[in-house]
Every structure is written in C-alpha cells, then in structure tokens.
Amino acid sequence: MDPREAALRKAYDHAVRWLASLPDRRVPARADAEAIVRALGPDLPDGPGAPAEVVDLLATACEPGLTAFPGGRFFGFVVGGTEPAALATDWLVSAWDQNCVMRAASPAYAAVEDIAGAWLLDLLGLPRGGSVGFTTGATTANFTCLAAGRDEVLRRAGWDVARDGLQGGPGVRVLAGASRHMAVDLALRYLGLGSPEPVAADDQGRMEAGALRRALAGGGSGPVIVVLQAGDIHSGAFDPFTESVRAAREAGAWVHVDGAFGLWAAVSPRHAHLMAGCAGADSWATDAHKTLNVPYDCGLAIVRDPSALRAAMGERGDYLIQHEHGDPIDKVPELSRRGRAFTVWAALRSLGRSGVADLVERLCRHAASFAAGIAAVEGATVLNDVVFTQVCAEFGDDERTDRVLARLLDDGTAWISGSTWHGRRVMRISVSNWSTTDDDVRRTLDAIRRAAGTPAQGP
Ligand SMILES: *Cc1c(COP(=O)(O)O)cnc(C)c1O
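Residues numbered from 1 in each chain as written. Predicted model: local features only at pLDDT ≥ 70, side-chain atom pairs only at ≥ 80, totals over all residues. Heavy atoms only, no water.

Draft legend 1. Geometry of the environment of Thr 413. Within the secondary structure, Thr 413 sits in the loop between helix 13 (398–411) and strand 10 (417–421). The spatial distance from the C-alpha of Thr 413 to the C-alpha of Arg 450 is 11 Å, given a sequence separation of 37 residues. The contacts of Thr 413, once residues within four sequence positions are left out, are Val 27, Arg 73, Arg 443, Ala 447 and Arg 450. Within the structure, Thr 413 has its side chain in polar contact with the side chain of Asp 411 (distance 2.3 Å). Within the local environment of Thr 413, its side chain forms a polar contact with the side chain of Arg 450, the two groups lying 3.3 Å apart. (Helix = DSSP H or I, 4+ residues; strand = E, 2+ residues; numbered from the N terminus. Contact = heavy atoms within 4.5 Å. Polar contact = N/O pair within 3.5 Å; in protein donor to acceptor, adjacent residues only side chain to side chain.)

Below, the structure written as structure tokens:
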C-alpha cells in the first residue's frame, strides 16, 4: 500500500476508535504528561520511520493522556465538540493543503469563504455586506476587529497608524465592561492600547448603560472605542446593546462586541432578544470552534465596513496575484493559513438554518436542566440567572464547593471547572457541545449529587 494511504488508514482507525470511546470513557485523562513522554520515548530517532507506524505509536501512546473534550459530558471552560461534517471536512482540508491567501490561487477556497461568510452574516443577523475574516479563535478575532477599530478612529482624527505607528499620535480611549473576558485585554495589549477603562457592570456581569454614558460624557472628543460583550463566561449574560450602542455612537466611538459564544443567541428565536441592538455595532468577534462545534482552530472577525478591515489587515506583495475585490488575506493577520472556511461551510450546510437554531436551543435547555437539578441538591445554590448556556453554583461555602469539584473530577463521569465569581468559589458549567444528550445531563447530575454527598434521585 502507498505509505500515505497506509498512514491515513491508521489515523482513521484510531480516530473512529476514539470517537466510539467517548460516550463511556472517563472524561479526564487517565495518564499525566510524564507518563506520555515515557510511552513515546523522549529521544529523536536517528533515522526515518514508516508513516503508518509513526501514527500508530503517537495514537497508542497518547490515548491515556487525552481528555474527552469532544464528548457529551465535558462542561469546563467554554469549548465545543466537533460536528461530524466539520470533522470529516477538516481531514480533507489537510489533504487538500490549500494555501488560502489569494482568490486566484485557490478559487475553491475563495468561493467557500464567500458563501460561508454570507451565511454567517445572515444567521447572526449582522449587516449584509460586512466582511468576515476566518481567524484562529476569538482572541485573534477580537484583535483583528479592534485593529480595524483603532486604525479607523485614529484615521478620523487625522492620524495614519499604518504609516506613523502609535507614537506621537492622539491617545485612544478604550472603555470595556468590568466583567469582560481577558481576551479583550490581550487584544488591546497586542495593539498597544493598554488596559481599558472599566465600566461598571451589574451582578450578572452586564455593563450598566448609564455608567457607560457618564464615562463617555466625562472624556474629551478624542478617538474612542467601546467594547461590549455577548455572553459572560460566568453568567452567560448579555450587555444591554440597544442603550450602550446608542450611547457609544452618539460619542462617535467605534463599537466592538466580544461574542465568542454568545453571538450565536441570534440564531434562536427564543434567545434572539438577548442580542437586540447588537447588530448596531461596528465589529463582532466570535468563535466557530465553540458553539458552532467545528474543530480547532477557527474564530470569526466580522466588520461592518470592509474597507476598515482591509485597511488594517490588507497586504500588497509584488509576488502575489491579488484580486481587485479583495482576497482572504485582506481580512486576517496571518498570511499562509489553512482553509478554515471549509469546515464552517460544512457545519452550516449539514445543520441548515433550523439545525443551528436547534443546536443553540438544546445547549440552553441542558443548561436550564443543570440549574434545576443543582438547585435541588441540599446546600447548593445557583448563583446566576440562567439566560443562556452558562451555570454557576456554590455548595454552601468555598471549602465545600472546592471539595465537590475535586470529588467530581475524581469520579470522572464529567468535567466541570471551578472559578471564583464575586469573591466566592463556584462550580462553573458551560454547555457547548452539540453531542450532549439528556442522558449525559442526567449522568452528570448524578455525579454532582455523589460528589456533594447526597444520594442519586430516582431510577
Ligand atoms: C473563549 C472566549 C474568548 C477567547 O476565545 P479563543 O477562541 O479561546 O481565543 C474570548 N471571549 C470570550 C467571551 C470567550 O468565551
């Protein structure tokens, strides 16, 4: 057999076995990193090995050290699984090995990126004609959008960042909610904008629109960026967009929204009200590898004014073949990169409009079941208003909460991470995986009851 085909068949066998193990395997890894190093052997071999054997060694040695992230009972951080069509397409993306920089070099990629971008704007209720860049994740998507915003507000102030940099230019004021995600701070740091001025948020993490209005009124007339949030990682809460966007626009600010997982509320008739007014912003960052459940790594940088994004990210090279209507290269920080839009297209094509809405509603329904189930555990309290996919709970005091979390991880049925919210330790559940079933939720609630030292209920 051709060595390439033999290696692919080996990878296929291991992948299928891995996926089949997900419904019943322990969610946390069974082995630590040292054990995996021992199993692989730390030394670089002197000579070549057969590709199929290399794949076999890697897959066999790593298996005990893998976490069941793509399974139905991983509720830590905010991660997604992998939709079947997107996973299979991701393999094709590697086999096709397209460099997705230029329209002329890979017409197939350019076509699919155009279609997927238009579908996304439609589904998310964002302005038709906006520009959609396919980044590595929401951190880079925030970076990309905020770069477009920074350059644009400075351009309006008569300053050209691309030519003159930031030194000596007008200062840019950045206002962001007190409960923003740290990815926003990272993006601002990369952009040379420093830490944002925090705007007060309520107990759910929602920015207070009145506080934003006052903060904007207190500044001068210089360049301003306002960063809003769709989906707080603890509570799932959404900023009051209508009010905040209006206040920011009146102050001449660029309005950006970090909606890494929350932007997807727009696709669900039941949850779209959370997004009311959000489409009035200038830019939006979200992930495809969270709620949409495509494989890593894929984020989306969406900008209302394509020329602002192109001015920040576009590049001209004498050796490139560039299209007058712009190329994929004009929308993201990277030059060479893989065909991320292929997997997004496959996920959307396979789910269809109703499938994307069903996915989001299923995640929210599971989150509500978790809230109800945990509230019934003796001594447990759900701390947030469960409006979307996130649930935060405590079990009496910090010590007991940490003990329940540690016992739960030991138990291995599910993975749920802890956090500190409003000064107390919390169990933080994020329902983000397409494959989570009612039974997964039931089994996880049983495990939580065991960890809390209260017996399981019912059959
Ligand atoms: C996950 C997340 C990010 C960062 O996204 P990455 O894809 O991990 O880079 C930013 N903001 C929010 C609200 C998130 O949940």
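Draft legend 2. Up close: the pattern of salt bridges. According to the stated counting rule, one finds 30 salt bridges in the structure shown. For Arg 30, the salt bridge is made with Glu 63, and the minimal N-O distance between the two is 2.9 Å. In this pair, Arg 30 is assigned in the loop between helix 1 (3–21) and helix 2 (33–40) and Glu 63 in the loop between helix 3 (51–62) and helix 4 (84–96), connecting sequence segments 33 residues apart. Between Arg 340 and Asp 297 there is a salt bridge, and its shortest N-O distance comes to 3.7 Å. (Salt bridge = Lys/Arg side-chain N within 4 Å of Asp/Glu carboxyl O.)

Draft legend 3. Representation of the domain arrangement of the protein chain within the structure. Annotation of the protein chain at the domain level lists domain 1 (3–67), domain 2 (88–347) and domain 3 (358–451). Computed from C-alpha atoms alone, the centre-to-centre distance between domain 1 and domain 2 is 36 Å. (Domains from an automatic or database assignment.)

Draft legend 4. View of the sheet that holds strand 10. Reading across from one edge, 8-9-11-10 is the order of the four strands in this open sheet, with antiparallel pairing throughout. With partners counted over all chains shown, the strands left at the sheet margins are strand 8 (381–382) and strand 10, one partner each. On the sheet, helix 12 (residues 340–375) packs against strand 8, strand 9 (390–394) and strand 11 (424–430) and is oriented at approximately 10° with respect to strand 9. (Pairing = 2+ DSSP bridges. Axes fitted to C-alpha atoms, helices over the stretch in contact; angles between N-to-C directions.)

Draft legend 5. Local environment of the sheet that holds strand 2 (residues 173–177). The sheet built from seven strands is open, its strands ordered 1-7-6-5-4-2-3 with mixed pairing. Each of the sheet's edge strands pairs with one partner strand only, and the pair in question is strand 1 (131–135) and strand 3 (197–199). Strand-to-strand, the axes of this sheet are offset by a mean angle of 20°, without reference to chain direction. In this fold helix 10 (residues 241–250) packs onto strand 4 (224–229) and strand 5 (254–258), with an angle of close to 175° to the strand it touches most, strand 4.

Draft legend 6. Just the packing of helix 1 against helix 3, in detail. Following both chains from N to C, one finds helix 1 and helix 3 inclined at 20°, their axes separated by 7 Å at the closest point. What the angle tells us is that helix 1 and helix 3 run roughly parallel. Relative to helix 3, the crossing made by helix 1 is right-handed. Residues Pro 3, Ala 6, Ala 7, Lys 10, Ala 11 and His 14 of helix 1 touch helix 3, and the partners they reach there are Pro 51, Ala 52, Val 55, Asp 56, Ala 59 and Thr 60. Residues of the contact of helix 1 with helix 3, tallied by class, amount to eight nonpolar, two polar and two charged. (Parallel < 35°, antiparallel > 145°, perpendicular 65-115°, else oblique. Left-handed = near helix turned anticlockwise from the far one by under 90°. Nonpolar A, V, L, I, M, F, W, Y, C, P; charged D, E, K, R; others polar.)

Draft legend 7. Region of interest: the pairing of strand 6 (residues 283–287). Across the five residues that make up strand 6, a large majority, five, are buried. Burial along strand 6 is two-sided: Ser 283, Ala 285 and Asp 287 facing one way and Trp 284 and Thr 286 facing the other are all buried. In the sheet, strand 5 pairs with strand 6 via three bridges, with the strands oriented parallel. Directly across from Asp 258, in strand 6, lies its bridge partner Ala 285. In terms of strand pairing, strand 6 meets strand 7 (residues 299–303) through five bridges, oriented antiparallel. The residue of strand 7 that forms the bridge with Ala 285 is Ala 301. (Buried < 20%, exposed > 50% of the residue type's maximum accessible area, 1.4 Å probe, protein only.)

Draft legend 8. Representation of the site of the ligand in the model. Taken together, 13 residues sit near the ligand, with Thr 139, Asp 258, Asp 287, His 289 and Lys 290 positioned nearest. One of the side-chain N or O atoms of Thr 139 is found 2.6 Å from an oxygen atom in the ligand. Contact between the ligand and His 289: an oxygen atom at 2.9 Å from a side-chain N or O atom of the residue. For the ligand, the accessible surface in isolation is 380 Å², of which the surrounding protein chains cover 84%. Residues that form the shell around the ligand fall into these classes: five nonpolar, five polar and three charged. (Near = heavy atom within 4 Å. Areas by Shrake-Rupley, 256 points an atom, 1.4 Å probe, with all protein chains shown as cover.)

Draft legend 9. Just the packing of aromatic side chains, in detail. Counted by the stated rule, this structure contains twelve aromatic pairs. An angle of 75° between the planes, with centres 4.9 Å apart, marks the rings of Phe 75 and Phe 370 as edge-to-face. Of this pair, Phe 75 sits in the loop between helix 3 and helix 4 while Phe 370 sits in helix 12, placing them 295 residues apart in sequence. Just as Phe 75 is buried, Phe 370 falls in that class too. Site record: aromatic cluster; members linked through ring pairs are Phe 69, Phe 74, Phe 77 and Trp 415. (Phe/Tyr/Trp six-rings, centres within 6.5 Å; stacked < 30°, edge-to-face > 60°.)

Draft legend 10. Focus on the nonpolar core. Residues Phe 134, Val 344, Met 427, Ile 429 and Ile 448 are the most contacted members of the largest nonpolar core, which totals 85 residues. Element by element, the count of residues in this core is highest for helix 12, at 15 residues. The contacts of Met 427, once residues within four sequence positions are left out, are Ile 374, Val 391, Cys 392, Ala 393, Phe 395, Thr 401, Val 404, Leu 405, Leu 408, Ile 416, Ser 417 and Ile 448. Grouped together as the second largest cluster of nonpolar side chains are 26 residues, Val 153, Ala 187, Leu 193 and Leu 309 included. (Core = buried A, V, L, I, M, F, W, Y, C linked by side-chain atoms within 4.5 Å.)

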